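# Results of the structural survey
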Amino acid sequence: MLRNTSKLLQISNGLQNILKVQLCGRTPTPTENWDLLTAVCIERRPIITPELNKLEKEYKQLLDELELERSLKSDTELRHEADMKNLELLRKGEDIADKDTISKQTLQDLVDLWNDEASKFKPANKITEADKKNDLKSLNRKLDKHLVFVLNQKVGDKNFYILPQGAREDGETLRQTADRVLRQNVGTDVKVQIYGNAPCGFYKYKYPGDIKNETGTVGAKVFIYFARYLGGQLTQTNLDYKWLDRTELQKTLPPQYNTSVKQFLFDG
Amino acid sequence: MSLQNIISRLSRIALHGPNRVRNISTSTILQFRSTPVLLAEPLKKKKRLDPAVVRAREERKKKKIEKQIRRLEKSARTLKPIDECEVSIEIKDELGKRKRDLAALSCELLEKRVELEKQWCQYRREQHLTDIQMLDRITNAQQKALDELKKESEELYQEAIQFDFHLMPFNSKGPVETPAVEEYDAPDGDYQDISKKW
């Protein structure tokens with residue numbers, strides 16, 4: 001009996017400890033000082049659909065075949081058949097009751113006419129000038145890919161191509177910082193829409209020892225906002241920026257930074 | 001003090017002084033009013049109607065309304081036809097004429113088709129799985145960012161999880177088959193609305 005009660009007491013003590021730990025965890029007590037940065041990932045969505053792969057092409061063909069098999073003949077097809085019959089009769093030199101039908105344009109003539117008109121229309125090329133010149137600054141490149149905006153920026157004493165970023169100032173929410181970063185780095189000519197008030201990616205890095213000792217801050221935490229490119233062109237020519245697709249991004253970004261960025265981006 | 005003086009003093013107490021001028025006015029104080037001009041003639045004597053005629057008239061009115069109600073109820077039961085879903089009578093008549101006489105498919109081809117269907121199913125399933133994993137990964141990344149933010153500052157975290165009303169009328173244009181031709185002047189057609197009014 002006594003043993004049981006002592007056990008119960010122990011359990012209740014344990015519970016209290018757990019509760020205490022949880023309570024402590026709820027109120028954050030930052031022991032280390034971190035700089036808060038905000039970065040914005042601007043992404044242009046693909047403009048055209050990617051080319052179908054082999055299986056997709058085959059399946060598309062199958063669907064087309066099935067559709068034809070299950071369909072009934074259309075009015076146009078019926079008319080074509082009637083035309084053909086009439087022509088046959090004419091060739092045989094037989095008299096046809098209603099001559100009006102022959103003097104009219106046959107369907108084949110019409111189809112030729114339409115095809116002629118259609119051939120005059122040339123759709124734009126999927127491979128653009130920018131693709132041929134490999135112009136990384138152009139938004140007109142790799143139309144079937146997602147493109148991400150990277151800017152050459154100085155971090156510490158080195159330059160990197162990274163997402164445009166800036167430090168949070170006092171009194172700002174992170175979203176406001178993101179807006180400001182965009183204004184300062186990209187300007188107002190490019191229209192983008194930031195998706196929500198919450199950051200969608202995170203990256204942190206530590207400062208080298210001497211800075212750490214001087215300022216007392218351990219490093220920087222970068223909160224990355226996602227923004228969709230809507231329209232407009234960059235007018236500032238002195239900026240060193242690139243629009244990159246996923247594979248190029250992997251090559252250009254610093255490796256660890258890239259793994260963080262990759263976490264919140266769509267495949268492809 | 002002379003008498004004159006006393007009178008002038010008392011005249012202030014009196015309601016109307018001896019030498020006040022009376023003005024004509026329509027204000028209520030003087031109770032002077034103008035009455036409206038009466039140009040009406042006495043009301044006409046009401047014509048007496050035969051009660052049978054009145055009853056007949058009412059009945060006719062009632063019948064008319066009832067007829068309308070009946071018509072509405074009748075049309076309420078029949079649904080508005082959907083042109084796209086209904087086969088027109090012409091096509092029904094010409095059904096035999098419109099049948100395609102295609103050669104029967106060979107066993108080999110059918111086999112191949114089934115194979116292709118299966119491949120397609122697998123392909124789509126894999127695509128679906130990778131999509132779900134991708135979405136998982138993205139939400140996790142965001143959750144991680146929010147958790148880190150919460151560690152830094154509760155206030156900023158609360159700000160970050162607020163709803164963004166700029167997002168709300170959301171529209172998006174999907175990718176298209178070919179890019180837009182620059183400076184293309186699209187030919188305008190005539191638009192005729194031939195949908196029936198119901």
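Chain B is annotated in an unreviewed UniProt entry as Large ribosomal subunit protein mL40 of Phaedon cochleariae. If you open the UniProt record of chain B and go to Sequence similarities (unreviewed entry), you find "Belongs to the mitochondrion-specific ribosomal protein mL40 family." The record in UniProt for chain B states the following under Subcellular location (unreviewed entry): "Mitochondrion".

The name an unreviewed UniProt entry gives chain A is Large ribosomal subunit protein mL46, with Phaedon cochleariae as the organism. Recorded in UniProt under Sequence similarities (unreviewed entry), the annotation for chain A is "Belongs to the mitochondrion-specific ribosomal protein mL46 family." Quoted verbatim from the Subcellular location (unreviewed entry) field of UniProt, the annotation for chain A is "Mitochondrion".

### A few points about helix α3 (residues 75-92) of chain A
Residue and element names in this part refer to chain A. With 18 residues, α3 should reach 26 Å at 1.5 Å per residue; the first-to-last C-alpha distance of 26 Å fits that figure. Those residues of α3 lying buried are L78, D83 and N86. Each buried residue of α3 sits inside an arc of 140° when the element is viewed along its axis, so together they form one side. In α3, the exposed positions angled more than 90 degrees off the buried face are occupied by K85, R91 and K92.

### A look at the nonpolar core
In this structure, I42(A), F149(A) and W243(A) are the most contacted members of the largest nonpolar core, which totals 30 residues. Mapped onto this core, the elements with two or more residues apiece are β1 (33-44), β2 (147-155), α7 (174-185), β7 (217-231) and β8 (241-244) of chain A together with α5 (107-152) and α6 (154-160) of chain B. What I42(A) contacts, discounting residues up to four positions off in sequence, is L147(A), V148(A), F149(A), L182(A), V186(A), V192(A), A227(A), Y229(A) and W243(A). One finds I224(A), F226(A), F264(A) and A141(B) within the second-largest nonpolar core, a separate group that totals 25 residues.

### Here's the deal with a nonpolar patch on the surface
All names here are of chain A. On the surface, a nonpolar cluster with roughly 240 Å² of combined accessible area is contributed by M84, L87 and L90. Looking at where L90 falls in the secondary structure, it is placed in helix α3. Classification of L90 as partly exposed rests on a relative accessible area of 43%.

### Section: unusual backbone geometry
The phi torsion at K142(A) lies on the positive side, around 45°, for a residue other than glycine. Within the secondary structure, K142(A) sits in the loop between α6 (129-133) and β2. Judged by its relative accessible area of 23%, K142(A) is partly exposed. Positive phi, close to 55°, is recorded for E183(B), a residue that is not glycine. One can find E183(B) in the segment after α6.

### Concerning the packing of aromatic side chains
According to the stated counting rule, one finds 13 aromatic pairs over all chains in the structure shown. A ring pair is formed by Y195(A) and F226(A), whose centres lie 5.7 Å apart and whose planes are at 55°; its orientation type is tilted. Residue Y195(A) is located in the loop between β5 (191-194) and β6 (201-206), and its partner F226(A) is located in strand β7; the two are separated by 31 residues in the primary sequence. The class for Y195(A) is partly exposed, based on a relative accessible area of 25%. Here F226(A) falls in the buried class, since its relative accessible area comes to 11%. Relative to F170(B), the ring of Y195(A) has its centre 6.1 Å away and its plane inclined at 70°; by these criteria the two rings are edge-to-face. Of the two residues, Y195(A) is situated in the loop between β5 and β6 and F170(B) in the segment after α6; the pairing between them involves two chains. Here F170(B) falls in the partly exposed class, since its relative accessible area comes to 45%. Joined through ring pairs, the aromatic side chains of F149(A), Y229(A), Y241(A) and W243(A) make up one cluster. Over the aromatic face of Y241(A) sits the side chain of K137(A), whose NZ or CZ is 5.0 Å from the ring centroid. Above the ring of Y161(A), the side-chain terminus of K242(A) is found at 4.1 Å from the ring centroid.

### Focus on the interface of chain B and chain A
Where interface size is given, it is often the accessible area lost as the parts come together that is meant. Across the boundary between the two partners, chain B contributes 49 residues, which contact 57 residues of chain A. Summed over both partners, the interface of chain B with chain A comes to about 4,800 Å²; 59% of that surface belongs to carbon and sulfur atoms. Taken as a group, R98(B), R100(B) and E152(B) account for 15% of the area that chain B buries against chain A, more than any other trio of residues on that side. Scanning the region where chain B abuts chain A turns up eight salt bridges. Notably, a salt bridge pairs R113(B) with E65(A), separated by 3.0 Å at the nearest N-O pair. At the junction of chain B and chain A, the tally comes to 28 residue pairs in polar contact (both at pLDDT 80 or more). Broken down by secondary-structure element, the contributors of at least two residues to the side of chain B that touches chain A are α4 (95-98), α5 and α6 of chain B. It is α5(B) that contributes the most residues to the side of chain B that touches chain A, 20 residues altogether. Grouping the constituent residues of the side of chain B that touches chain A by class yields 23 nonpolar, eight polar and 18 charged.

Basis of the calculations
- Residues numbered from 1 in each chain as written.
- Chains lettered and ligands numbered in written order.
- Predicted model: local features only at pLDDT ≥ 70, side-chain atom pairs only at ≥ 80, totals over all residues.
- Heavy atoms only, no water.
- UniProt positions renumbered as here; feature names shortened; annotations may be inferred.
- Helix = DSSP H or I, 4+ residues; strand = E, 2+ residues; numbered from the N terminus.
- Expected span 1.5 Å × (residues − 1).
- Buried < 20%, exposed > 50% of the residue type's maximum accessible area, 1.4 Å probe, protein only.
- Arc of directions from axis to C-beta.
- Core = buried A, V, L, I, M, F, W, Y, C linked by side-chain atoms within 4.5 Å.
- Contact = heavy atoms within 4.5 Å.
- Patch = residues over 30% accessible without salt bridge, like charges linked within 9 Å, V, L, I, M, F, W, Y side chains within 5 Å.
- Areas by Shrake-Rupley, 256 points an atom, 1.4 Å probe, with all protein chains shown as cover.
- Salt bridge = Lys/Arg side-chain N within 4 Å of Asp/Glu carboxyl O.
- Phe/Tyr/Trp six-rings, centres within 6.5 Å; stacked < 30°, edge-to-face > 60°.
- Lys NZ or Arg CZ within 6 Å of the ring centre and 35° of its normal.
- Buried area = accessible area lost by both parts, 1.4 Å probe.
- Polar contact = N/O pair within 3.5 Å; in protein donor to acceptor, adjacent residues only side chain to side chain.
- Nonpolar A, V, L, I, M, F, W, Y, C, P; charged D, E, K, R; others polar.

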